[in-house]
Every structure is written in structure tokens, then in C-alpha cells.
Amino acid sequence: TASDPFFQKANTIIAGPGLKKEDLQFPFRELINKKIPMVIDAGAISLAKENQLGPHILLTPHLGEFQNLTDQKFSRESEIWTALRQ
């Protein structure tokens, strides 16, 4: 849980690289509620879709992850910028 001493000492959390969907058993909701800086990448990006995120969260999706996150299809990464502005 987020009360684990490891998470209590953390100044920043990076979640995602190397994770598979079945690995995502950590207390994501508790961690984003702590309001400490968090980078969400790769396998953990799917968790962002299910949760309200704040300004302390940085998402780093590639094109395929962004498409899954938004349920939209893009031909090029440049099209993402248009979607983000909207």
C-alpha cells in the first residue's frame, strides 16, 4: 500500500517500464492521491485511463499508447498535438 515505508520516503514515483497488465497490482489510486510527482509510462498508462489525474502526473505515451488512452486512431504523432489542443 501507499503506507509502505518505500512509498513514504519517495519524492517521485516512476511507474510503467517493464510492467504487464497483470503486474499492475500496486496501489495506484492511493499513490496519485498523495500528490507527489509521478511519471506514468508504458504498462501503467492504462491505469491513467481509469483515474482522474492532477498536474503532478506526467504521462509519456508513444503513439499506440496514446491511441489506447484516448480511444482514437492517429496516422502520425503530429496528429496527437491537434487532439491535445482540443
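Structure first, text after, so check above.
In this text, all values refer to a predicted model and were calculated from it rather than measured experimentally. (Residues numbered from 1 in each chain as written. Predicted model: local features only at pLDDT ≥ 70, side-chain atom pairs only at ≥ 80, totals over all residues. Heavy atoms only, no water.)

**Focus: the side chain of Asn51**
Here's step 1: Note that Asn51 resides in the loop between helix H3 (45-49) and strand E3 (57-59).
Here's step 2: We classify Asn51 as buried; its relative accessible area is 18%.
Here's step 3: A distance of 2.7 Å separates a polar atom in the side chain of Asn51 from the backbone oxygen of Leu47.
Here's step 4: What Asn51 contacts, discounting residues up to four positions off in sequence, is Phe28, Arg29 and Ile32. (Helix = DSSP H or I, 4+ residues; strand = E, 2+ residues; numbered from the N terminus. Buried < 20%, exposed > 50% of the residue type's maximum accessible area, 1.4 Å probe, protein only. Polar contact = N/O pair within 3.5 Å; in protein donor to acceptor, adjacent residues only side chain to side chain. Contact = heavy atoms within 4.5 Å.)

**With respect to the pattern of salt bridges**
Note that side chains of opposite charge can pair when their charged atoms are close.
Here's step 1: Counted under the stated rule, the structure contains two salt bridges.
Here's step 2: Between Asp71 and Lys49 there is a salt bridge; the shortest N-O distance is 2.6 Å. Placement of Asp71 in the loop between helix H4 (63-70) and helix H5 (78-85) and of Lys49 in helix H3 is noted, with a sequence separation of 22 residues between them.
Here's step 3: Accessibility expressed as a relative area gives 58% for Asp71, which makes it exposed.
Here's step 4: Notably, a salt bridge pairs Arg76 with Glu79, separated by 3.8 Å at the nearest N-O pair. (Salt bridge = Lys/Arg side-chain N within 4 Å of Asp/Glu carboxyl O.)

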